[in-house]
Amino acid sequence: MSTKYVFVSGGVASSLGKGIIAASLAKLLQARGLRVTIQKFDPYLNIDPGTLNPYEHGECYVTEDGAETDLDLGHYERFLNIYTSKANNVTTGKIYRTVIDKEREGAYLGKTVQIIPHITDEIKRRMMLLGKSGQYDIIITEIGGTVGDIESLPFIEAERQLQWELPAEDCLSIHLTLIPYLGAAKELKTKPTQHSVRMLQQYGVHPDIIVCRTEHHIPADMKRKIALFCNVRPNAVIESYDAPTIYEVPLNMQKEGLDSIVLDHFGIQAPPPDLDNWKEFLKRIKNPKKEVHIALVGKYVELQDAYKSIQEAFIHAGAANECHVRVTSIHSEHISEANAEELFGDKDGILIAPGFGERGLEGKIVAAHYARTHNVPMFGICLGMQMAVIEFARNVLGMKGAASTEVNPNTPYPVIDLMEDQKSLTIKGGTMRLGAYACKLKKDSLAYRIYGQEIIHERHRHRYEFNNKFLSEMEAAGMKTTGRNPDTGLVEIVEIPEHPFYIGVQFHPELKSTVVRPQPIFVAFVRAAMDFKAAR
Ligand code: GLN
């Protein structure tokens, strides 16, 4: 069977959830025995989102091979339980860089270098790359942005060209739009969808399927009307009704027949999707037996997407424990010794989030202090782990002014310091310690009990590390380093064995949590929070 290509574009508004639709379709096809992957093409000029702050772009998702990518890749991995890679996220910046580098090499042999064909050729080359590997039956390509944006145009144009280069039956176009509801008129409106599809058609792309995001069910006659105006069959107008959880979307898409229409188009026979595990997972999230209340301490509390993978990892770990994990974000800038009891007194666990820069650091240190001294289960991730180390140095070892050199290069106690190989770097983009590295666990540790194995691989995104000059002092005082990089000795995990559950990790375990494989530390943390709550 030749590799099939599905393109997903969006119109009317951004944030309609193209990533979730793409991931849901991929899930259904995977559950029918097909080998599927998803790639995302983002129209901005940054080479990758690594240099963008969360206000611009939400969480930066890091792949196993160390690419800093769009958070939709996190959804792909969580839904499909497969790793994505550098090749799965392409930006306009990457496309232009390749073309301009080639131009400087003289590769274009005197030709004028233009958006068409040179930029679009490079887009098409990358769109086909994963398909050429022979590893997949179906490649789903999500085109970021909204149809009509100037910056998305070359991607839509590349899709148009590919529709003619590939056999017609190997290519399919899905367009996601919004059907707004006008409260005053008590009516759903199809006109924006008509306009969006018309614009796409003007660019030469004719959608085969229209997915309509809506807050109210779309009546059958309205679907027929959309089909009529948008030049598709009525059954190819798919309703995507707001779901209480994103994990329900694959089932909703199945009910609407999305996977069947796609397979019919490609002429593929496949068994019905095996979604037993998925349904079991959904049942667990919907019928929890217990609840715990976790404080998520970070500085982007108002942003839904800043800690996306952490939020999702809690859903997976909650399901594993048949427990609803209620997460309350607490702004680290608003935490002080004076209000710690009020903020944390009713919480069953404290997670201290990753981050960069000085803002909100002292609040994270207060949170670590509260958790340590009140026996509240504590889980520190990356910067969160670093702040737990600083708290311990200051308050147990009496190292007044202990800090990370990220914010205080002149601290008398640089317990967190810049990694050696970072010291000569001047360029910021893509230069952190990124991606999966091995970590060796000490046998007699909480971490080992959690993972049940000695060597683990987790993903990273940091420049600073635990300063091993302070290792023996910290250990003697009760903070143990229980996971280290086997090659460099870099401290990956700290614990306080005297505390019921106090663990800080330099890596980002949240990035590898999926529906099928909930991340073990999250699972254990939720368990510890349940125990803590029960004992209160
Ligand atoms: N800013 C810290 C560092 O660079 C922590 C990074 C993080 O939390 N991802 O080491």
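Residues numbered from 1 in each chain as written. Predicted model: local features only at pLDDT ≥ 70, side-chain atom pairs only at ≥ 80, totals over all residues. Heavy atoms only, no water.

(A) Highlighting the site of the ligand. Neighbouring the ligand are Pro 354, Gly 355, Phe 356, Cys 382, Leu 383, Gln 386, Glu 406, Arg 461, His 462, Arg 463, Tyr 464 and His 508. A distance of 2.7 Å separates a nitrogen atom of the ligand from a polar atom in the side chain of Glu 406. Contact distances for the ligand include 2.9 Å between an oxygen atom and a backbone N or O atom of Tyr 464. Considered on its own, the ligand offers 300 Å² of accessible surface; in the complex 99% of this is hidden by protein. (Near = heavy atom within 4 Å. Polar contact = N/O pair within 3.5 Å; in protein donor to acceptor, adjacent residues only side chain to side chain. Areas by Shrake-Rupley, 256 points an atom, 1.4 Å probe, with all protein chains shown as cover.)

(B) Highlighting the sheet that holds strand β19 (residues 455-462). Pairing in this open sheet of nine strands is mixed, and the strands run β13-β12-β14-β15-β23-β22-β21-β18-β19 from one edge to the other. The open sheet is flanked by β13 (323-331) and β19, the only strands paired with a single partner. Between one strand and the next, the sheet's axes are offset by a mean angle of 25°, whatever the strand orientation. Summarising the sheet, strand β21 (residues 480-484) and strand β22 (residues 491-495) pair through four bridges and their orientation is antiparallel. Bridge assignment links Gly 483 to a residue of β22, and that residue is Ile 493. Set on the sheet, helix α14 (residues 361-373) makes contact with β12 (290-298), β14 (349-352), β15 (378-381) and β23 (502-505); between it and β14 the angle comes to about 150°. In this fold helix α15 (residues 383-395) packs onto β14, β15, β22 and β23, with an angle of close to 115° to the strand it touches most, β15. (Pairing = 2+ DSSP bridges. Helix = DSSP H or I, 4+ residues; strand = E, 2+ residues; numbered from the N terminus. Axes fitted to C-alpha atoms, helices over the stretch in contact; angles between N-to-C directions. Contact = heavy atoms within 4.5 Å.)

(C) Molecular detail of the pattern of salt bridges. A full pass over the atoms with the stated rule returns 36 salt bridges. With a shortest N-O distance of 2.8 Å, Lys 347 and Asp 346 are connected by a salt bridge. Lys 442 serves as the salt-bridge partner of Glu 475, at 3.9 Å between the closest nitrogen and oxygen. Residue Glu 475 is found in helix α17 (residues 471-477), and its partner Lys 442 is found in the loop between β18 (433-441) and α16 (446-451); the two are separated by 33 residues along the sequence. Relative accessible area serves as the criterion here: at 38%, Lys 442 is assigned to the partly exposed category. Each of Lys 40, Asp 42, Asp 70, Asp 72 and Glu 142 takes part in one network of salt bridges that share partners. (Salt bridge = Lys/Arg side-chain N within 4 Å of Asp/Glu carboxyl O. Buried < 20%, exposed > 50% of the residue type's maximum accessible area, 1.4 Å probe, protein only.)

(D) Up close: the environment of Ile 210. Here Ile 210 shows up in strand β10 (residues 209-214). For Ile 210, a relative accessible area of 0% puts it in the buried group. Through-space distance from the C-alpha of Ile 210 to that of His 457 is 40 Å; in sequence the pair is 247 residues apart. Setting aside chain neighbours within four positions, we find Ile 210 in contact with His 175, Thr 177, Thr 193, Val 197, Ile 226, Cys 230, Val 232, Ala 236, Val 237 and Ile 238.

(E) Inspection of helix α10 (residues 258-266) at higher detail. Among all positions of α10, only Leu 258, Asp 259, Ile 261, Val 262, Leu 263 and Phe 266 are buried. Gly 267 occupies a position one or two residues after α10 and carries a positive phi of about 70°.

(F) Up close: the sheet that holds strand β20 (residues 464-466). Read across the sheet, three strands follow the order β16-β17-β20 without closing on themselves; strand pairing throughout is mixed. Edge positions in the sheet fall to β16 (403-404) and β20, since each has one partner strand and no second. Judged from the two bridges that link them, β16 and strand β17 (residues 414-418) form a sheet pairing that is parallel. Bridged to Ser 404 within β17 is Ile 416. Across the sheet, α15 is in contact with β16, β17 and β20; its angle to β17 comes to roughly 150°.

(G) Main features of the nonpolar core. Of all hydrophobic cores here, the largest spans 59 residues; its most connected members are Val 6, Ile 138, Ile 140, Ile 174, Ile 209 and Val 262. In this structure Ile 209 touches Leu 172, Ser 173, Ile 174, His 175, Ala 236, Ile 238, Leu 258, Ile 261 and Val 262, once residues within four positions along its chain are discounted. With 40 residues, the next largest nonpolar core counts Ile 350, Ile 365, Ala 367 and Val 376 among its residues. (Core = buried A, V, L, I, M, F, W, Y, C linked by side-chain atoms within 4.5 Å.)

Everything listed is a geometric property; what it means functionally is a separate question.
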